[in-house]
Amino acid sequence: MTKINIGSSSVTSTKLGLGTNKVGGHNLFQNLQDQDGYDVVKTALDAGVQLLDTAYMYGLGRSEEIIGDVIQDYDREKIVIATKAAQDSQQDMKPNNQPAFLKKAVDEALKRLKTDYIDIFY
């Protein structure tokens, strides 16, 4: 697959990425099965997709956890992970863009994703 730069950054990825709101997003969609999420992410990576777009809001971290489990069997350097956070569970999921909250959100996402870096953080 052809690789492109993401915006004006130095991050490169395949043109096609996988949005994962239905991977672990039990709070957004009914009747989701975790195994289906694992299978979708594995199938995408096996097919050459490199960009995985997730968020805390997708299952209140469950999407990130599933991705974190799956990527353990792949070369992390070949995967681009984009994740998002602003919803504060301590404030009825209202957006919180305070630096301290966002730092904590990144630290928690890193743990769920089982990685030591996030390529793109929204």
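Residues numbered from 1 in each chain as written. Predicted model: local features only at pLDDT ≥ 70, side-chain atom pairs only at ≥ 80, totals over all residues. Heavy atoms only, no water.

Digging into the pattern of salt bridges
No. 1: One pass over the structure, following the stated rule, counts eight salt bridges.
No. 2: Between arginine 76 and aspartate 119 there is a salt bridge, and its shortest N-O distance comes to 3.1 Å. Here aspartate 119 lies in the loop between helix H3 (99-113) and strand E8 (120-121) and arginine 76 lies in the loop between helix H2 (62-70) and strand E5 (80-83), a separation of 43 residues in the sequence.
No. 3: Taking the shortest distance from any N to any O, the salt bridge between aspartate 107 and lysine 103 comes out at 3.1 Å. With aspartate 107 and lysine 103 both in helix H3, this residue pair falls four residues apart, about one helical turn.
No. 4: Beyond isolated ion pairs, a larger network of salt bridges with shared partners links Asp34, Arg62 and Glu65. (Salt bridge = Lys/Arg side-chain N within 4 Å of Asp/Glu carboxyl O. Helix = DSSP H or I, 4+ residues; strand = E, 2+ residues; numbered from the N terminus.)

Details of the packing of aromatic side chains
Both the distance between ring centres and the angle between the ring planes are used here to describe each pair of aromatic rings.
No. 1: Evaluated as defined, the whole model comprises zero aromatic pairs.
No. 2: The positively charged end of lysine 22 is found above the aromatic ring belonging to phenylalanine 29, 4.8 Å away from the centroid.
No. 3: Over the ring of tyrosine 117 we find arginine 76, and its NZ or CZ is 3.9 Å from the ring centre. (Phe/Tyr/Trp six-rings, centres within 6.5 Å; stacked < 30°, edge-to-face > 60°. Lys NZ or Arg CZ within 6 Å of the ring centre and 35° of its normal.)

Digging into the sheet that holds E8
Across a sheet, paired strands are connected by hydrogen bonds in the backbone, their directions being either parallel or antiparallel.
No. 1: Read across the open sheet, the four strands follow the order E3-E4-E5-E8; overall the sheet is parallel. One side of each edge strand has no neighbouring strand; the edge strands of this open sheet are strand E3 (17-19) and E8.
No. 2: Relative to E8, E5 runs parallel, the two sharing two bridges. Bridge pairing in E8 places alanine 82 opposite isoleucine 120. (Pairing = 2+ DSSP bridges.)

Some points on the environment of isoleucine 120
No. 1: Mapped onto the elements of the fold, isoleucine 120 is located in strand E8.
No. 2: Taking the relative accessible area as the measure of exposure, isoleucine 120 reaches 15% and is therefore buried.
No. 3: For the pair isoleucine 120 and leucine 52, spaced 68 residues apart in sequence, the C-alpha to C-alpha distance is 10 Å. (Buried < 20%, exposed > 50% of the residue type's maximum accessible area, 1.4 Å probe, protein only.)

What to know about H2
No. 1: All of the buried residues in H2 are Ser63, Glu64, Ile66, Ile67, Gly68 and Val70.
No. 2: Its buried side turned inward, H2 meets helix H1 (34-46), strand E4 (51-53), E5 and H3. (Contact = heavy atoms within 4.5 Å.)

So, unusual backbone geometry
No. 1: Phi angles above zero are rare outside glycine, and asparagine 31 is one such case at about 65°.
No. 2: With respect to the helices and strands, asparagine 31 occurs in the loop between E3 and H1.
No. 3: The phi torsion at leucine 60 lies on the positive side, around 50°, for a residue other than glycine.
No. 4: Tracing the sequence through the fold places leucine 60 in the loop between E4 and H2.
No. 5: Accessibility expressed as a relative area gives 43% for leucine 60, which makes it partly exposed.

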